[in-house]
Amino acid sequence: MNHYKFILASNSPRRKELLAGLDVDFEVRVLKDIDESYPATLPTAEIAEYISKKKAAAYRATMAADELVITADTVVILGDKVMGKPHDDAEARQMLRELSGQTHQVVTGVTLTTLERQQSFSVVSDVTFKTLSEDEIDYYVTRYKPFDKAGAYGIQEWIGYIGVTALNGSYFNVMGLPVQRIYEALRQFA
């Protein structure tokens with residue numbers, strides 16, 4: 001894997017931490033104002049991968065021949081409803097009320113791009129929350145301000161400690177980057 005210079009196209013501290021855990025050297029490069037919209041008719045399970053491909057397309061013009069850009073997007077899906085990042089306290093609380101006592105899916109779409117190749121995939125994890133009290137929701141939103149997290153929660157934070165009763169799939173995927181799958185895909189690129 002050493003013949004590529006890895007670029008993580010994300011400012012997420014969690015993604016930086018997770019990719020660093022693979023013991024690969026990488027640089028963070030973030031472009032502003034990338035369009036993350038998607039067609040209303042797109043199946044919910046395909047949204048994260050679709051957005052990761054759009055992000056990758058935005059980087060293509062700035063890439064060098066020896067660079068491999070990693071783009072990702074994570075969405076939370078409850079039934080057919082997609083939950084992105086909440087815009088404010090009220091939306092964060094509403095999302096957590098909806099997730100309370102339910103099982104939802106966390107889907108992370110990843111695209112690996114070089115000037116010659118591109119590979120995209122999605123990883124799905126099922127997460128079940130206990131029934132959360134209003135006090136628990138209020139405490140979490142007030143203290144942790146989860147406005148940069150899809151579904152208004154971080155599994156690695158207090159709400160995950162006290163609220164998650166079951167997880168089927170990759171814990172790291174729920175954090176925002178399915179590193180095991182990325183590792184295998186990077187090995188294929190090499």
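Along each chain, residues carry numbers from 1 onward, in the same order as the chain's sequence is written. The model is predicted, so local features are restricted to residues of pLDDT at least 70 and side-chain atom pairs to those at 80 or more, both for listing and for counting; the totals for chains, interfaces and linings are taken over all residues. Excluding hydrogens and water, the side-chain figures rest on all heavy atoms present in the structure.

S.K.: Please set out the packing of aromatic side chains residue by residue, giving values where relevant.
M.R.: Describing an aromatic ring pair means giving the distance of the ring centres and the angle of the ring planes. For Phe, Tyr and Trp, where Trp contributes only its six-membered ring, two rings pair if their centres lie within 6.5 Å, and the inter-plane angle classes them as stacked under 30 degrees, edge-to-face over 60, or tilted in between. Applying the stated rule across the entire model yields five aromatic pairs. Ring geometry for Y140 versus Y144: centroids 5.3 Å apart, planes at 25°, classification stacked. You can see Y140 and its partner Y144 sitting in helix α4 (residues 134-144), four residues apart, about one turn around the helix. On the numbers, 5.7 Å between centres and 80° between planes, the contact of Y171 with F172 is edge-to-face. Y171 gets classed as partly exposed once you look at its relative accessible area, which sits at 31%. When the ring centre of F189 is taken as reference, the NZ or CZ atom of R117 above it lies at 4.1 Å. Every helix listed is a DSSP run of H or I at least four residues long, and every strand listed is a run of E at least two residues long, numbered separately from the N terminus. Per-residue accessibility, obtained with a 1.4 Å probe over protein chains only, is compared with the maximum for each type, and a residue is labelled buried under 20%, exposed over 50%, and partly exposed between these values. Both a distance and an angle decide whether a charge sits over a ring: NZ of Lys or CZ of Arg must be within 6 Å of the ring centre and within 35 degrees of the ring normal.

S.K.: Break down the pattern of salt bridges for me, with residues and values.
M.R.: Any carboxyl oxygen of Asp or Glu that lies within 4 Å of a side-chain nitrogen of Lys or Arg is treated as forming a salt bridge with it. Enumeration according to the criterion identifies 16 salt bridges in this entry. Put simply, E49 and K53 hold a salt bridge, and the shortest N to O gap is 3.7 Å. Of this pair, E49 and K53 both sit in helix α2 (residues 47-60), separated by four residues, roughly a single helical turn. The exposure class of K53 is partly exposed, given its relative accessible area of 38%.

S.K.: Explain the nonpolar core to me, using residue names and the numbers behind them.
M.R.: Inside soluble globular proteins, nonpolar side chains tend to come together where they are buried. As used here, the term nonpolar core means buried Ala, Val, Leu, Ile, Met, Phe, Trp, Tyr and Cys residues forming a set that is joined through side-chain atoms within 4.5 Å. Counting 42 residues, the largest nonpolar core has L68, L112 and Y153 as its most contacted members. Only heavy atoms enter the contact rule, under which two residues are in contact if any of them lie within 4.5 Å. If we ignore the near neighbours within four places in the chain, the residues touching L112 are L68, V69, I70, R117, Q118, Q119, F121, A185, L186 and F189. One finds L42, I47, V75 and V107 within the second-largest nonpolar core, a separate group that totals seven residues.

S.K.: Could you give an account of the pairing of strand β1 (residues 5-8), naming the residues involved and the relevant values?
M.R.: One bridge is not enough; two strands pair if DSSP finds at least two bridges between them. Across four bridges, β1 lies against strand β3 (residues 67-78) in parallel orientation. Of the residues in β3, the one forming a bridge with F6 is L68. As defined by bridge partners, β1 adjoins strand β2 (residues 26-28) across three bridges and the pair is classed as parallel. Counterpart to I7 in the pairing with β2 is E27.

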